[in-house]
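# Remarks on the overall topology
As a plain string of letters, each chain reads:
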Amino acid sequence: QVQLVESGGGLVQPGGSLRLSCAASRSIFNINLMGWHRQVPGRQRESVATITSSGRTNYADSVKGRFTISRDNAKNTVYLQMNSLKPEDTAVYYCITYNLGLPGNWGQGTQVTVSS
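Reference entry: report on the structure contained in this document.

What counts as what
Residues numbered from 1 in each chain as written. Predicted model: local features only at pLDDT ≥ 70, side-chain atom pairs only at ≥ 80, totals over all residues. Heavy atoms only, no water. Pairing = 2+ DSSP bridges. Helix = DSSP H or I, 4+ residues; strand = E, 2+ residues; numbered from the N terminus. Axes fitted to C-alpha atoms, helices over the stretch in contact; angles between N-to-C directions. Salt bridge = Lys/Arg side-chain N within 4 Å of Asp/Glu carboxyl O.

### A closer look at the sheet that holds strand β1 (residues 4-7)
Ordered in space as β1-β3-β8-β7, the 4 strands form an open sheet in which the pairing is antiparallel. If you trace the sheet from one side to the other, it starts and ends with β1 and β7 (67-72), each paired once. Taking the axes of each pair of neighbouring strands and ignoring which way they run, one obtains an average angle of 15° across the sheet. Relative to strand β8 (residues 77-82), strand β3 (residues 18-24) runs antiparallel, the two being bridged by 6 bridges. Its bridge partner being in β8, Ser21 is matched across the sheet by Tyr79.

Next comes the structure, spelled out in structure tokens:
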């Protein structure tokens, strides 16, 4: 088990940027796959981005070219840099770990609101 705590959400204007952080309660060195999901009320959670322990990344088509996921194993932290934000990016963003390819541990989420 690992506890995940997200931070960095908030209100931003369209076209703006935010960086989300996910701090883990223990070393993430041996956690092969981590990622970010998001959820809009009334809709299913969707995967936004994932990153392997070797740094291989994958993104949802809707965020490619705008979002960047990274991880710092020394700090037990995963990041999501979000640029050129759009109103449709408004959601609660969750940090997750994967176990055998399936979502495992989830954070409590951080709200991102993109609005003028």
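Still to come is the rest of the account.
### Considerations on the pattern of salt bridges
All told, the structure shown has 4 salt bridges when counted by the stated rule. We note a salt bridge from Glu46 to Arg38, for which the minimum N-O separation is 2.7 Å. Across the pair Arg38 and Asp89 runs a salt bridge, and its minimum N-O distance is 3.0 Å. You can see Arg38 sitting in strand β4 (residues 33-39) and its partner Asp89 sitting in the loop between β8 and β9 (91-99), a full 51 residues away along the chain.

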